[in-house]
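Overview (structure and organization)
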Amino acid sequence: MPTQGEILRDLRLERKMTMQELADYLKVSKQTINSWEKDFRKYDVETLFKLADFFNVSADYLVGASEERPFKKELKKLEKILPEFRPLSLRKRSNSPGE
């Protein structure tokens, strides 16, 4: 199972972000991001929730308590069914009054 730091690094790299970009978003130093990713330090609860929101994952996933990324899994489900609904939104409303 990956460490908390490895999870954070992987999420950051998925977004093609530098440590500095993530640091700027969180208003911390690049060295702080580095210490989290190398598991020298742990982030506080407030930061945990900011990161979970930013990366669209659960706090459990971020701390390594769950290997599932529930939000990503739900997004994939929505992407699969979206094409089924798209034609409905593109249809002309021929039954509308006045047409």
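That block above? That's the structure.
Keep in mind it's a predicted model, so treat the numbers as computed, not measured. (Residues numbered from 1 in each chain as written. Predicted model: local features only at pLDDT ≥ 70, side-chain atom pairs only at ≥ 80, totals over all residues. Heavy atoms only, no water.)

For the rest of this paragraph, the subject is the side chain of R12. With respect to the secondary-structure elements, R12 resides in helix α1 (residues 4-14). For R12, the side chain forms a polar contact with the side chain of E37, separated by 2.6 Å. In this structure R12 touches M17, T18, M19, L22, E37 and F55, once residues within four positions along its chain are discounted. (Helix = DSSP H or I, 4+ residues; strand = E, 2+ residues; numbered from the N terminus. Polar contact = N/O pair within 3.5 Å; in protein donor to acceptor, adjacent residues only side chain to side chain. Contact = heavy atoms within 4.5 Å.)

Below, the discussion takes up the nonpolar core. Grouped together as the largest cluster of nonpolar side chains are 20 residues, with contacts concentrated most on L22, L51, F55 and L62. Looking at this core element by element, the count peaks at five residues for helix α4 (residues 45-55). (Core = buried A, V, L, I, M, F, W, Y, C linked by side-chain atoms within 4.5 Å. Buried < 20%, exposed > 50% of the residue type's maximum accessible area, 1.4 Å probe, protein only.)

Right, let's talk about the pattern of salt bridges for a bit. Side chains carrying opposite charge are able to pair once their charged atoms draw close together. Counting across every chain of the model gives four salt bridges. Residue K50 pairs with E46 through a salt bridge whose shortest N-O separation is 3.7 Å. Here the residue K50 and the residue E46 both occupy positions in helix α4, the gap between them amounting to four residues, near one helical turn. (Salt bridge = Lys/Arg side-chain N within 4 Å of Asp/Glu carboxyl O.)

As a further point, take the environment of T3. Within the fold, T3 resides in the segment before α1. Residue class for T3 comes out partly exposed when judged on its relative accessible area of 32%. Once the C-alpha coordinates of T3 and L62 are considered, the two residues, 59 residues apart in sequence, prove to be 9.1 Å apart.

Where helix α2 (residues 19-26) contacts α4, the two axes come as close as 11 Å, and the packing angle between them is 120 degrees. Crossing of α2 against α4: the hand is right-handed. Residue-level contacts link L22, Y25 and L26 of α2 to T47, K50, L51, F54 and F55 of α4. The residue inventory of the contact of α2 with α4, partitioned by class, reads six nonpolar, one polar and one charged. (Axes fitted to C-alpha atoms, helices over the stretch in contact; angles between N-to-C directions. Left-handed = near helix turned anticlockwise from the far one by under 90°. Nonpolar A, V, L, I, M, F, W, Y, C, P; charged D, E, K, R; others polar.)

Okay, the packing of aromatic side chains next. Counted according to the given criterion, the structure contains three aromatic pairs. Both rings, one in W36 and one in Y43, keep their centres 5.3 Å apart while their planes meet at 80 degrees; by these two values the pair is edge-to-face. Of the two residues examined, W36 and Y43, each falls in the buried class. Where F54 meets F55, the ring centres are 4.9 Å apart and the plane angle is 80 degrees; that geometry is what we call edge-to-face. Each member of the pair, F54 as well as F55, carries the same accessibility label: buried. (Phe/Tyr/Trp six-rings, centres within 6.5 Å; stacked < 30°, edge-to-face > 60°.)

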